[in-house]
Structures are given as C-alpha cells and as structure tokens.
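# A look at the structure
Okay, here's what each chain looks like letter by letter:
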Amino acid sequence: MPSVLRNEDLKEMLESSKESLKLEAMKRIVGLIAKGKSASELFPAVVKNVASKNIELKKLVYVYLVRYAEEQQDLALLSISTFQRALKDPNQFIRASALRVLSSIRVPIIVPIMMLAIKEAAADLSPYVRKTSAHAIQKLYSLDPDQKEQLIEVIEKLLKDKSTLVAGSVVMAFEEVCPDRIDLIHKNYRKLCNLLVDVEEWGQVVIISMLTRYARTQFTSPWMEVRFDENKAFYDSDSEEKKDQTEAKPYVMDPDHRLLLRNTKPLLQSRNTAVVMAVAQLYWHLAPKHEVSIVTKSLVRLLRSHREVQYIVLQNIATMSIQRKGMFEPFIKSFYVRSTDATHIKTLKLEILTNLANEANISTILREFQTYVKSQDKAFAAATIQAIGRCATNISEVTDTCLNGLVLLLSNRDEAVVAESIVVIKKLLQTQPTQHGDIIKHMAKLFDNVTVPMARASILWLMGEYCEKVPKIAPDVLRKMAKTFTAEEDIVKLQTVNLAAKLYLTNSKQTKLLTQYILNLGKYDQNYDIRDRTRFIRQLIVPNEKSGALSKYARRILLAPKPAPVLESAFKDRDRYQLGTLSHSLNLKATGYQELPDWPAVAPDQSVRNVEIVEPQRIKADLFWVSNVHCPCVCTESGSESEEESSEDSEKTSSDSGKSSSGSEKSSSESESDQKKKKKTKKAQQKKNKPAADRYAEIPAVSGFGSFLPKLEFITIMISFFYDFFFFCQHCLFPQNDSKNPTFRTSGISLFHMSFQVTTSSFGPLKTYELLHHMTGKGLSAKYHFPRQPCLYQPSMVAVQLFFSQTKQISHPKCVSGSDNKKRLEPGASVTVSMGIDFSDSTQAANFQLCTKEDQFSVSIQPAVGELLMPSTMTEQDFCKEQGELLCDSNSVSRNETRCLTHRMFLLSCRFGGRTVSSRALVLLSLELSESSGALLTINTEKSVMASMLLRDLKQALAQA
Amino acid sequence: MIHSLFLINASGDIFLEKHWKSVVSRSVCDYFFEAQERATEPENVPPVIPTPHHYLISVLRHHIYFVAVIQSEVPPLFVIEFLHRVVDTFQDYFGVCTEAAIKDNVVVVYELLEEMLDNGFPLATESNILKELIKPPTILRTMVNTITGSTNVGEQLPTGQLSVVPWRRTGVKYTNNEAYFDVVEEIDAIIDKSGSTITAEIQGVIDACVKLTGMPDLTLSFMNPRLLDDVSFHPCVRFKRWEAERILSFIPPDGNFRLLSYHVSSQNLVAIPVYVKHNITFREGSSQGRFDLTLGPKQTMGKAVESVLVSSQLPRGVLNANLNPSQGTYTFDPVTKLLTWDVGKINPQKLPSLKGTMSLQAGASKPDENPTINIQFKIQQMAISGLKVNRLDMYGEKYKPFKGIKYMTKAGKFQAGLPDKWTLEYIKTELLHKEIRIN
C-alpha cells in the first residue's frame, strides 16, 4: 500500500524538528486534500503544529483542520485553546484568522466558545475582525440553529456598525439567520443606502437584494398611475389592484424609497456583473414604470461579458421583455444571434427576439430568422421555426407571410426543418382553418417523404380535422397508413386511429373497411395506449347493440371545433420569481428562496426609519466610568474642529466623503451654496478646503475651555471636582435595571446598572459664544453654542446652534434660513437655527458668511477640542483592551502622560471613553491618583494633535479646580 | 453561499476540490457529467444545473470547468462573476490558467481560495490585497524561500483591507513614476453581401499600467466624453464626479488594471474601417465554383490597416480551392474546409485580392450556403469611435510622472457576407409559383 507508506513518511516529517520538513509535509497533505484523497489518519500529527510560529505552516494546518475537524472531533478540541489565545492577540489579522478557523470547525461541543468569541469580536475595534465575526455568525447558525436568538442580538449590534467593511457581511448574516426580522433594518435603512456605493462589490449585491425585499414591505406601489395606461395584467395580485383603484389618491413617493433608487443608480456602472444585475432587478421591482428603462443599457452591456453571464442576463431580459417590450426594442440588434453563440444562448436570443416582435420590426426579425433557419445547428433551426410560428400568431398582419414562408420551408432539403415546419403550420392552420386546402394538399404530397414521427402525426391530424376540405386525398392517405401502420411510431399510430375514426364518420362509404382494418391492427398493438384508444374509438363510432348513448354524439365529439393552441413564451410565468435569483434562472423554487412580498396597500409607519431624532442611540453613546468611589457620571464631550461646514445636505457629503478628494467636496458644497444664494437668504458657506495634513500644522490656540456643567445632585461630593474636570459632562444618569448597559461597580459592594443617554442640553448652562456682534452686524447679532447632541444631519458633524436676534429698528427685516425654511426677522425678535459642521477632528475654525439681503458678514466658529468628542460606551475590560491595543499598534498611538496637581481629588481613578465626532477615532482618557501628591492623566488616541490639546486643556482645568 | 468548488478538465477528471463548509461528495459532479454528455459542444453545458440537493453553477475557461456547488438561493451571477474572478486571479498569479499550472501550484491555489472566500462569501478578491497576503510564486522567490526558510504568506492584515481605497496598497515606491493608458477598441460588425452594415458595435476598454509613488489622485478627461454613455468602471472611479463633470477621477490601483470599459452601440454611427467585396458562385451541375474577394480600407483616418487575416468556412461540398492571392499567403484545409488568408497590411493603392476557382465534389448538389467571411485586423494609433483623451492630471503627490497614452483598434467579431435579405415580396412570388405547381 503505497499511500499508507507515504502517510508514514509524512508523519515522520511532521514530527521532525525542522520547520522546512514540516512545511513540505503540509504542502503534500494539502495536495492530497485538493485531489480529494483522504488524509485524516494524519490528524494527530498535524494538529500538533497548530501553534507553529511559521505562518505558512500554520495556515496550512488551519486548512487541514477545517477539512477534517468534523471527522475527528475529539482530537480537534486539542487545538481550541490555541485559537482562544490567538483571539486575544494584539494583531488584528491574527485575531480575525483565529476566529475564522475557530468558527469553521464544525464541532458542536465548542458552540459556547464560538458564541463567546463572536460576541467579543463583534465589539472589536478592528472592522476587519468585526467583519469576520459577521461571517462566523452564519457558520455558528448552521452548526446550531438553537443559538438563533443570541445571534440575532449580535446581528442587531453589527447592523449598527458604520464600517463599509462590515455592512455586506452582516447583511449576509441577517439574510441567512433572520431574513424575516425586517424590523432590525428600519434604523439602519438610510445608513445602508448611503454607505452602499462604498461597500465592497459582493456586499453590494447582498445589500441590494435585501433592500429590495425591505422596500416591498415598507413602501406603497409606485405603479398606480401607470396602471391605467397599461391594460396588461398588473405585476402584482389582483386583489391589490382593486384596492388601489378604489383610492385614487395621488401617489407621492416616500423619500426613503427615492433614496434607495437614487443611491443604487450609479452602481449600474459597476464592473461587477452581479452588482449590475442586482440594481436592474431592484429597479424592475421597485422603480416607477417610466424609470425602469434606465437599466436597459447596462443589461445589454452585460451581454458582452462571458458566456455564462450572457446566459443569466438573457434569461432575465426574456422575462422582462414579455411585460415591457419597449425597454429593449431599441436594442433589438444586440439580440441577433451569432454563429459562434452556444445553443442555449441562441435559443434565449430567439426567445427575446420573438417577444420583441411587433408590426414595425417584424420584417427585419423575419429576415433574421430566415438566416437562422439555415443554421447548421438543427436544434436551433427548429427553434427558429417555432419562433416564426409564434410571431405569426401574435402579429396578425404577418400571419400569412409567415405561413407562406413556412410552406416554402417544406421544400427544404433538411428533413428536420421540414418536420418542424409541418408541426408549426399545423398549429397555425388551426387558428384560421378556412381557405388553406392548398397547403393541406401540399403537405399530403409531402407525406411520403416525411419520416419524422411528430411531423407525420401532424399531417395525419390535419387530414382528419379538415377531411372535408380534402375529400379525395384523405382516404388515400389512410390507405397508405393502413399499409405501414405496424411500422409506425406510437404517436403516428394514434393519429392514424384518429384519422380513421373521423373519416369513418364523414365518409364511411369509402373508408369503412379501412377503418375496421386499422382498428383491428390497433387492438393487438404492443402499446396499451393504442389498444385503449382503439377500444374507445370502436365503441364510439361503430354502432352495435352494446354501444350506449355516446355513439349518437360521436360526430360531435370527434369533429368538435377545437380551440387553436396558444403559442406562448416559455418565460411567461417566470415573473413569479424575483429577477436575478437562482429560482428565476431554474424556473423552480430553490431552497431558501425568499418570496418577494407584494406592496402593502398602506405604507407602514415611515418614522421607524428616523434614526437621529427618535432614537439617538446610534450616535449617542454612553459614557462609562469606573471609580473606586461611587461616581457614576456620564459625560458628553463637546468637540469641534475646523474645516468643513455643510449645512444640512448630509447625504451629498456623506456619499462623497468616503472616496472623494477635497475637490469633489468643494464642488458639491459650492453647488449647494449657489442654490442658497438664489434664495437670498442667510447661508453658511464653506470656505476652506485643505488637505488633512495641512490642518494640523496650523492649529490655533484654544481660547476658552468648554463650560463647566453642574452635575447631578445625588453625588454632590463628586461634583466640585467633576464639573471642573470633565467640563464636557452634561448628562444625567438614571439608575435603571437594564441589563444591556454597562455595569458599574460602586464602592466595590453593590452592582447596579446604569444607562446614560445623550440628551438635549437641558442640563446646566451652556457657554454661548459670540458669532456676530450687533454693532458690526448692523443690528443683527448672532451667537452660537454647541448643544452637544448628535447632529441631525450627519453623525460626523458637530451640532451647532445659532441664535439670531434683531436688536435695532431697521427698515429691512432680514431673512434667516436655517434648514430649509425662510424666516423674516422682526425687530426685537430672535430665531434659532441648527446646523452641523464637520470639523474633521481638528480645532481649526470654520469660516463662512452670513448673508442678509444687503450685507454679508464673514464669521467663524472655532470649537474647543472637547466639543469634538462624543462619549462611547464600553465595559471596563473593553477599556483596558482598547487601551492596550492603542499602545500596541505603535505607529497609530499618541500617548500622553502628565502629572498634575489634584490635591483636592476624592476619587482614586476614573476613566473616560469617547470617540471623535468626525472620524470616530477612539479617545481613551484615564486618571489615576498616585500615592504622591500628583495624579497621572493618560490619554490614548490615534489623533496625536488632539491628545496634546486635550491634555493641555485638562491640565488647565484641573489646576483651576 | 458557495459550498464547494470542483475543477474538471476537458477529459472529465476532477483534479481539484475545495470545500468551504462541510464536505460535499464529489459524486455530485455526476449530474454535471450527465449534462455534459447531453451537450454536443463543451460550451453548450448549461451554466446552472439543478440536482436533488444542490445546484451546480459552472463556468468554462481555458478548457477547465469550474463547478461551484450551491445549497440554497443565491443570485447565479454572483457565483459566476466570482468564478471568473478566481480564474482571473489564477491567471494573474501563474501567468496561465491551465490544469498543469494549477496542479503545480496547488498549495498557492489552496491558500488563495482560502483567502478569497470565507464560509462561501467572498472575502478578498482584489488582486492588490491578495498579493500582499500571498505573494505570487516566482522562481527567484522560491529559491530564496528554500534557502532562507521565509514564506510566501503575509503576516499582517493587508493595508488595503481596512482603508477606503482597498484596491491600493500603501507605501508604494518607484524611482520612475509612470502612468500608461491604452485605449483599445474592438469593432464587431456584420456586413451583408452588398456591403451595407447590418450591425456594428464598438467595445472599448481603457487598460492602465500605473506605477506611481505614494497615493496619487488622478483625473483623466476626454475631448469627447459624450461618446461614453455606456460605461462600467473599476471601483476606484468616483461615480459622482463622472456624473457631474464627465471626468474620471480616481486613486489608481498599483500596477495593471482595467480602468473602464465602454460600449458604443449600433445606434450611434459607427465607422467601418474596411470593406469586403466578394463573389462566390457555384453553378448547378458544374464541379467548379468561382471565388473572388477584394479588401479595401474605408474610414481609417489615414492610418494603416495591419495584420489583416481573412478566414472563411467554405461549404462542405468544396473539395479544394485553387486561388491566387495578390499579396500574402492563403491556406485551405480540405478536412475542416477552412480557408484562411493572411493578408498583412492593406495598401490603399493596390488593394489585396484573392481570386480563383474551387473544385466541388462530383455529383454533389449546389452548396446552398453563402459562406460567412471573418476578418481580423489591427489599426494602430486610432480609436475607431473617435474617443480622445484630453489630459491627465495628478494631485496629491509632488513629483512629475511620465504619462503615456496609446490607441488601438482591433476587429472583434467582424463578419461579412451573410445571405441576402429575405424580402417578403420574394416569398410571396415564390409561393405563387408553388401554388401553381401544386394545382
């Protein structure tokens, strides 16, 4: 047994002390796995190397482990501790790959470990690790579906993630685990729409198809008005149609619906065919009828791609072209068949051409078909003849032309073509049975030469059906058939029996004997169908004493006028499946296919998608404190930064900011400002745009430090220190029994839960800054303050509130435009306006102009560094972990320590975790009291400039306290 | 999503298998083999095949079937696109994607497949990211690795994976900074016997080779961007900027990549660079046929038409051809009946022609097919659609790069000589004759 010998060798190599030998052995083993040969005996030897330092060796061991762990569950458990250790590794890549392998090991016993690892990874600082955890969710779910509830919690959490890296994977997990939990999407809907362009292409496909389903449950149909023009059956069910007609309200598209359509449109230009198809189906299922056609060009472009891509795209176009001819008609030439196309591509193109045929283009199409009939590919030629038949029935103008063309084909040299033509002509003649005796006669002449059974059967049927039109020929054909009956195919025999019966009824004088003869032959046929048929016919037509009432009606039964067959597209009912799906492609319901729901008659509550106002939790964050003294206290900090101001148009910037350079930002904001100028309103305009690098170079001195806020009553002791120190604290906390919130240890004795929310700035006085003095403003004065709440327009912006007031009597009242409303300011009146500024985490001032009807005032807003921060919830462990991480990833960390005099401090230590508003960079701050009189203040963040500024300000504040 | 992958060669052997979830027995491929048997040509195997428990989605490239096993609903294009991406990656790594190359590099293939999919969902498909994770095998590196014991596998998370520009790695350095763009257009056309165009379309691509230090931000503008109304972009291109200003603005990937591909459809006026006059006649009862073919340039803006190759599948009845080319050489394969004529460059003063006789099988009836004529050619320094790059600017870096742009036009599926029009009148008169004869 050579393979056993080889296994022994490999085992020896694996157990050697040389890395290179081990690696060589693993490479051979992977070769074995790739060939599908079993290498499971080597498991113990391989698993020993799981902790190898050599990364390639380790990876190959992983490959092996994932492949065989299921077979060798007990041994596989040996490796688990290695992964658990790696999950804590400072290198995110190692953490991620450990999670990948751990979750790929399909051993039920480790489900709890996997669950724990997934939960931890879902809160990891690295988006790559979080992405991996989203993948792990699906793996765990397939291993143990009982974990569903817990996994949904993790999915819910990950859905809130703002990283484009995570979005695709978590939606995939959502689709796999809980596709029906549409409620989890509400809050993330707009975010997903806005992120979509920047998500990696595979994620885009998944998100788009999920959002298609979502939109079908949340918005009303945009197709109502168009309905009356199109008398064709509506896409959806009839019941819905009736409902819509009763309420004739004008349709207004939900802005969220529009948002989805708008944000997916650019993806039609994607190089990834799956993305283009996904967008196309989204438009097909969601867009108003007149907008769907924008996808046409992109779909046609896909036909240039690989053969397999063409196949799928053509299938979808075939379905679309049945309902919406107009969409593809201008591109009809793209569907012309090329001789190099594969047969299934040719057939699909033929299908589409037939669907698109109308009075105007039929002659061109028929000309094309004429070429195809001559094709070497006989199956295709036959399909073309069928297509000609379909065109003939669908377009009455060309019925005769087609019929004539088909008759011409009867003299074709190729038998398959002739046979197919006969079959199609038979169908066509049924639609207009009059005046076609000639054709029937012609076919009777051909009968001797036609050997294809289906064609022979068709001719026989025609003879029988129209025997009165060919009274002389029909009996003769029957005579010939009687001679060859026994040698014919079954289908021909059946039709012979039919013909005999019909002739017996119409012309019994000539054919009585012949019929008897054929019926006798049929009686002893080997095929039971033919025997049955013979017996039935005999009873029906031949009068004898036993025959009942039926024989009286024999003539009416056999010679009843028969409805013409309807020649329909094979793709007619494919539209019950969502386009672009596997089910659509196969025309059968695939496992796991999600039915596309009908539009709701009444749209569900739209406000569920309002994220910013209703529930600030996405942006809000909870601050977390640990201290030896009980001091639960939440802080928001306020932060600010210079640079970009963008009034309310958040979408525009958000979609741009991911990718675009400063150039494009500038353009978008400029166009915005133009619009505003026209309104002659006050406006804020962005002035500067500098590359980020320059920003830090010229950071101005921070003048004032944020306002000091009074804290809660119930920890008064703390307050004197705290509000001096954490000027940014502004929030109250309510003790709550909410287990989801972080736990606080107070005095080391009791545990209780707290929840903090960033709420409005109702607590404590906010420091207000002067923006425009009433003297310089010619009576108009403006002040601003930072409300320290999440910005409504975009999470990366700092909210700023402006107060305008008119102090003097001035003849021209001024207009103030806040978000989108115009207001006139009466003398003595004042108005408050909110705006958001994205300072990009720097304290540089945002300069802009206030425009009144006659004046322009240049003003600037400069934030204190604290205004640029938002609190962030984390547990103590997380805090330490993140802190450790920021310390480890050497280049990205700036760490500042200082000693400051805090002699009046009560607490021994406290921690504060926050994120910068714009880039969501983590800022960790900890204060530790040392034994000596000083305290150690540590700030960990990637933003080194910010850290130093924060440090300086805090020192100052502490010194004052 | 993707459960397993099987690679099957032309002779029907499964030579590689990879599973991302639990193992699927290779017997599932029997359904594929069945379908393969039913299909007459290798290309005719349907891309999607249902089996009782799985679905097989396959692509055929380089005579290898890549068969993915799917267990539940997934957009089929998703899988097809991914499989093609796998093939492209193999080609990128090994130069060719053949059975031998895959077998020789089975470990790298496995490592790649492991990184490209996690649990059946694509993880890293950008070539820049993959190359940081797994270095392509080269002879030099293999030697160095054997000596030093270092590996081909990266230890760090590729920088692109986390950045907003995942297609570009950081820390790129070149001593010579250069950016080359090739505008390559392929013209597909069908021309009938009388020389009028039935359809003509242009498929264009702009392939780039960018070797620039740091994080350059490029903008490429066109003289006539209106031509590009049907385009698809590399993900690096900013959609918004294109929509608003018709400028391509992008941070390029490092190395070779396809910046965009476009399609100028038959609705636009497409210039046809060459014309063909041909006359092929067979007489009833005679064993001789005449063959006469002339090529000429047309609308080439003064550029030479080069590497012209004419091929035609002559009817089965033709035994041999005795032709006389005015330039170049011709071959006729009596077995496959394929006539090829290597013309070379077209001289507008002296048009190339191929004339002569064909001998037919004795007694055979007159061949009823007009053979189609396929033409290949190249035109340097010209994009047939008229597309022209206006300028290329670079922002974000200080140095001056060397910039180059090249245009080329090639024939794609360029066919001439389809049969005459099927005019309806013709049919009607024919029918009339028939009817008379019947009566």
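Residues numbered from 1 in each chain as written. Chains lettered and ligands numbered in written order. Predicted model: local features only at pLDDT ≥ 70, side-chain atom pairs only at ≥ 80, totals over all residues. Heavy atoms only, no water.

The name an unreviewed UniProt entry gives chain B is AP-3 complex subunit mu-2, with Oreochromis niloticus as the organism. Annotation of chain B in UniProt includes, under Sequence similarities (unreviewed entry), the sentence "Belongs to the adaptor complexes medium subunit family." (UniProt positions renumbered as here; feature names shortened; annotations may be inferred.)

In the annotation of an unreviewed UniProt entry, chain A is listed under the name AP-3 complex subunit beta and assigned to Oreochromis niloticus. The record held by UniProt for chain A lists under Sequence similarities (unreviewed entry) the comment "Belongs to the adaptor complexes large subunit family."

Let us now look at the packing of helix α8 (residues 111–122) of chain A against helix α10 (residues 148–159) of chain A. Residue and element names in this part refer to chain A. Contact geometry for α8 and α10: axes closest at 10 Å, N-to-C directions at 15 degrees. Considered as vectors, α8 and α10 are oriented roughly parallel to each other. In the crossing of α8 with α10, the sense of the turn from one axis to the other is left-handed. Residue-level contacts link M115, I118, K119 and A122 of α8 to Q150, L151, V154, K157 and L158 of α10. (Axes fitted to C-alpha atoms, helices over the stretch in contact; angles between N-to-C directions. Helix = DSSP H or I, 4+ residues; strand = E, 2+ residues; numbered from the N terminus. Parallel < 35°, antiparallel > 145°, perpendicular 65-115°, else oblique. Left-handed = near helix turned anticlockwise from the far one by under 90°. Contact = heavy atoms within 4.5 Å.)

This part is about empty space enclosed by the protein. Applying the stated rule across the entire model yields 13 cavities of 30 Å³ or more. Computed from the structure, the largest cavity encloses a volume of approximately 260 Å³. For the lining of the largest cavity, the secondary structure elements donating two or more residues are α4 (55–68), α7 (92–104) and α9 (127–143) of chain A together with β2 (14–19), α4 (106–116) and β6 (117–118) of chain B. Counting residues per element, the lining of the largest cavity draws most heavily on α7 of chain A, at six residues. (1 Å grid on protein atoms, 1.4 Å probe; cavity = no way out; pocket = protein on both sides within 12 Å on 5 of 7 lines; lining within 4 Å. Points joined across faces, edges and corners; volume = space filled by probe spheres on them.)

Turning to the packing of α9 of chain A against α10 of chain A, a few remarks are in order. Residues and elements named next belong to chain A. One can describe the packing of α9 onto α10 by two numbers: an axis separation of 11 Å at closest approach and a directional angle of 160 degrees. What the angle tells us is that α9 and α10 run roughly antiparallel. Here α9 and α10 pass one another in a crossing that is left-handed. Here R130, S133, A134, I137, L140 and Y141 of α9 lie close against α10, whose contacting residues are K148, L151, V154, I155 and L158. Across the contact of α9 with α10, the residue classes tally to eight nonpolar, one polar and two charged. (Nonpolar A, V, L, I, M, F, W, Y, C, P; charged D, E, K, R; others polar.)

We now examine the pairing of strand β4 (residues 55–61) of chain B. Residues and elements named next belong to chain B. Within β4, seven of the seven residues are buried, which leaves it mostly tucked inside the rest of the structure. Of the two faces of β4, the one lined by Y55, I57, V59 and R61 and the one lined by L56, S58 and L60 are each fully buried. Bridge count for strand β3 (residues 48–50) against β4 is three bridges, and the pairing is antiparallel. Residue V48 lies in a different strand from β4, and its bridge partner there is I57. (Buried < 20%, exposed > 50% of the residue type's maximum accessible area, 1.4 Å probe, protein only. Pairing = 2+ DSSP bridges.)

What follows covers the sheet that holds strand β12 (residues 247–250) of chain B. Residue and element names in this part refer to chain B. Pairing is antiparallel in the open sheet, where three strands are placed in the order β12-β10-β22. Edge positions in the sheet fall to β12 and β22 (389–395), since each of these pairs with one other strand and no more. Neighbour-to-neighbour, the strand axes of the sheet open up by a mean angle of 15 degrees, direction not taken into account. Pairing of strand β10 (residues 217–222) with β12 involves four bridges; the strand directions are antiparallel. Looking at β12, one finds that S221 is bridged to I247.

Right, let's get into the packing of aromatic side chains. Within the structure shown, the criterion is met by 23 aromatic pairs over all chains. Considering the side-chain rings of Y372 of chain A and F380 of chain A, the 5.3 Å spacing of their centres and the 45 degrees angle between planes classify their relative orientation as tilted. F380 of chain A matches Y372 of chain A in its accessibility class, with the two residues each being buried. On the numbers, 6.1 Å between centres and 35 degrees between planes, the contact of F78 of chain B with F121 of chain B is tilted. Of this pair, F78 of chain B sits in helix α2 (residues 76–94) while F121 of chain B is found in strand β7 (residues 121–122), placing the two residues 43 residues apart along the sequence. Of the residues examined, F78 of chain B reaches a relative accessible area of 0% and is grouped as buried. Look at F121 of chain B and you get buried, because its relative accessible area is 1%. Each residue in the set W202 of chain A together with F78, F82 and F121 of chain B is aromatic and connected to the rest through ring pairs, giving one cluster. The ring of W461 of chain A carries K426 of chain A above its face, with NZ or CZ at 5.1 Å from the centroid. In this structure, R609 of chain A is placed above the aromatic ring of Y189 of chain A, and the distance from its NZ or CZ to the ring centre is 5.5 Å. (Phe/Tyr/Trp six-rings, centres within 6.5 Å; stacked < 30°, edge-to-face > 60°. Lys NZ or Arg CZ within 6 Å of the ring centre and 35° of its normal.)

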